[in-house]
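Residue strings, one per chain:
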Amino acid sequence: MQGVTPSSSFLARVRWANVARAAALLGVVALVVLWPRLRAEAPRLPAAQARPVEAVAREAVPRAAEFGVERAARPPVARAPAASRRRG
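Residues numbered from 1 in each chain as written. Predicted model: local features only at pLDDT ≥ 70, side-chain atom pairs only at ≥ 80, totals over all residues. Heavy atoms only, no water.

Caption draft 1: Looking closely at the overall build of the chain. Scanning the chain from N- to C-terminus turns up four helices and zero strands. Counted from the first residue to the last, the chain has its helices and strands arranged as α-α-α-α. Taking all 88 residues of the chain together, the buried fraction comes to 1%. With the model as given, the accessible surface of the chain reaches about 9,800 Å², and the carbon-plus-sulfur share is 60%. (Helix = DSSP H or I, 4+ residues; strand = E, 2+ residues; numbered from the N terminus. Buried < 20%, exposed > 50% of the residue type's maximum accessible area, 1.4 Å probe, protein only. Areas by Shrake-Rupley, 256 points an atom, 1.4 Å probe, with all protein chains shown as cover.)

Caption draft 2: Structural context of a nonpolar patch on the surface. Residues Leu-25, Val-29, Leu-31, Val-33, Leu-34, Trp-35 and Leu-38 make up a contiguous nonpolar surface patch of about 730 Å² in total accessible area. Mapped onto the secondary structure, Val-29 falls in helix H2 (residues 16-38). (Patch = residues over 30% accessible without salt bridge, like charges linked within 9 Å, V, L, I, M, F, W, Y side chains within 5 Å. Salt bridge = Lys/Arg side-chain N within 4 Å of Asp/Glu carboxyl O.)

See below:
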């Protein structure tokens with residue numbers, strides 16, 4: 001063996017670019033093989049049974065009151081004309 005002395009370490013002789021390529025190839029092969037198992041399960045659908053529509057309609061309740069939020073209507077705010085609001 002030319003250029004290799006007994007004092008040379010194994011780590012100095014390794015071609016790390018080739019090791020990186022081999023590791024990347026191994027990772028790609030593992031991804032291709034395991035791809036079908038990496039998917040999440042499909043969501044479960046409810047049973048396909050007919051459900052009756054409510055016969056009695058609810059009372060007309062405003063959406064805000066339905067959730068317990070009741071606000072009085074605010075009166076419109078009087079604003080100055082646009083010309084007087086300009087700085088200048």
